[in-house]
Amino acid sequence: MGRAIDGIKSGLVAGIIYGILDSVFSILLVISFRAQVIAALGRYIAQNPAFFQNISATDLYNLSISLIPLLALIGGILLGLIFGAAFGYAYDRIPGGRPFLKGIVFGLSLWIVLNVLIGLIDISEFGPYYYLAGVAGGLAAAMAYGYTLGALYGLLVKRNGSRGDINEGNGT
């Protein structure tokens, strides 16, 4: 249980960092591809007219710009907690010698699933350039998440003495 708790604690901090970075990258992405996003929102509104009465695609776009920071931070915290626990539990099976390397490997694995594979859902809606830009921004956020998760996990485990196999100085 101690491994999962240390993972949750590390995941909380790493998730906040991920949420902040994801927020910045998402806002830049949505602003950079404004025309494609508004066109996609217009199609979505047309498919759901009962739900979107008296709201334009531009209004919905402006609302999304306002909500991205909050939603990215909440998502980062929730995913950080869940995946932090998974990291703590799976720590011994993750390749990489030092905790921060294991965190980076873990972060890259999450990036492949969350950004590369699930991001393909948006490719038909927003186009390949939007997808590639999202994958690139997601890589930076996932690397920061993984590094922070692994480094903090190593420090917590060393401090708590809950594992005997982490003896890499400060855990990084």
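All values reported here derive from a predicted model rather than from experimental measurement. (Residues numbered from 1 in each chain as written. Predicted model: local features only at pLDDT ≥ 70, side-chain atom pairs only at ≥ 80, totals over all residues. Heavy atoms only, no water.)

A. Examining the overall build of the protein more closely. Across its full length, the protein carries six helices and zero strands. Of the regular secondary structure in the protein, the N- to C-terminal order runs α-α-α-α-α-α. Counting only C-alpha atoms and orienting by the principal axes, one finds that the protein spans roughly 60 × 25 × 20 Å. Sorting the 172 residues of the protein into buried and exposed places 39% on the buried side. Contacts spanning at least 24 positions in sequence make up 71% of the contacts within the protein whose residues lie at least 6 apart. (Helix = DSSP H or I, 4+ residues; strand = E, 2+ residues; numbered from the N terminus. Buried < 20%, exposed > 50% of the residue type's maximum accessible area, 1.4 Å probe, protein only. Contact = heavy atoms within 4.5 Å.)

B. Main features of the packing of aromatic side chains. In the structure shown here, the tally under the stated rule is 10 aromatic pairs. Between the aromatic rings of Phe87 and Phe106, the centroid separation amounts to 5.3 Å while the plane-to-plane angle is 65°, which identifies the pairing as edge-to-face. One end of the pair, Phe87, is in helix α3 (residues 57-90); the other, Phe106, is in helix α4 (residues 99-117), and 19 residues separate them in sequence. Exposure class is identical for Phe87 and Phe106. Each is buried. (Phe/Tyr/Trp six-rings, centres within 6.5 Å; stacked < 30°, edge-to-face > 60°.)

C. Spotlight on the confidence of the model for the protein. Per-chain confidence: the protein averages 87 in pLDDT, with 93% of residues scoring 70 or above. In this model, residues 167-172 is a region of pLDDT below 50 whose contacts with residues beyond four sequence positions or in other chains number 14 contacts. (pLDDT = per-residue confidence, 0-100.)

D. Here's a closer look at the pattern of salt bridges. What the rule picks out here adds up to one salt bridge. Among the salt bridges present, the one from Arg43 reaches Glu125, with a minimum N-O distance of 3.2 Å. Of this pair, Arg43 sits in helix α2 (residues 34-47) while Glu125 sits in helix α5 (residues 123-126); the two residues are 82 residues apart in sequence, bridging distant segments of the chain. (Salt bridge = Lys/Arg side-chain N within 4 Å of Asp/Glu carboxyl O.)

E. Looking closely at the side chain of Ser23. Its location among the elements puts Ser23 in helix α1 (residues 2-32). Once residues within four sequence positions are removed from consideration, Ser23 is found in contact with Ile68, Pro69 and Ala72.

F. Region of interest: the packing of α1 against α3. It is at 6 Å that the axes of α1 and α3 come closest, and there the two elements cross at 155°. As summarised for this structure, α1 and α3 are arranged roughly antiparallel, according to the angle between their axes. Remark: the crossing between α1 and α3 carries right-handed chirality. When the residues that make up the contact of α1 with α3 are grouped by side-chain class, the tally is 19 nonpolar, 10 polar and two charged. (Axes fitted to C-alpha atoms, helices over the stretch in contact; angles between N-to-C directions. Parallel < 35°, antiparallel > 145°, perpendicular 65-115°, else oblique. Left-handed = near helix turned anticlockwise from the far one by under 90°. Nonpolar A, V, L, I, M, F, W, Y, C, P; charged D, E, K, R; others polar.)

G. A look at the packing of α3 against helix α6 (residues 128-160). Running from N to C, α3 and α6 cross one another at 55°; their axes reach a closest spacing of 11 Å. If you check the angle between α3 and α6, you find them oblique. Remark: the crossing between α3 and α6 carries right-handed chirality. Facing α3, whose interface residues are Leu79, Gly80, Phe83, Gly84, Phe87 and Gly88, α6 presents Tyr145, Leu149, Gly150 and Tyr153.

H. View of the nonpolar core. Ranked by size, the top nonpolar core spans 15 residues in total, and within it Val30, Val37, Leu41, Tyr61 and Tyr130 carry the most contacts. The set of elements that each furnish at least two residues to this core consists of α1, α2 and α3. At five residues, the largest contribution of residues to this core is made by α2. Filtering out sequence-adjacent residues up to four positions away, Tyr130 remains in contact with Leu29, Val30, Phe33, Val37 and Asp122. Ala14, Ile94, Tyr145 and Val157 belong to the second largest nonpolar core, which has 12 residues in total. (Core = buried A, V, L, I, M, F, W, Y, C linked by side-chain atoms within 4.5 Å.)

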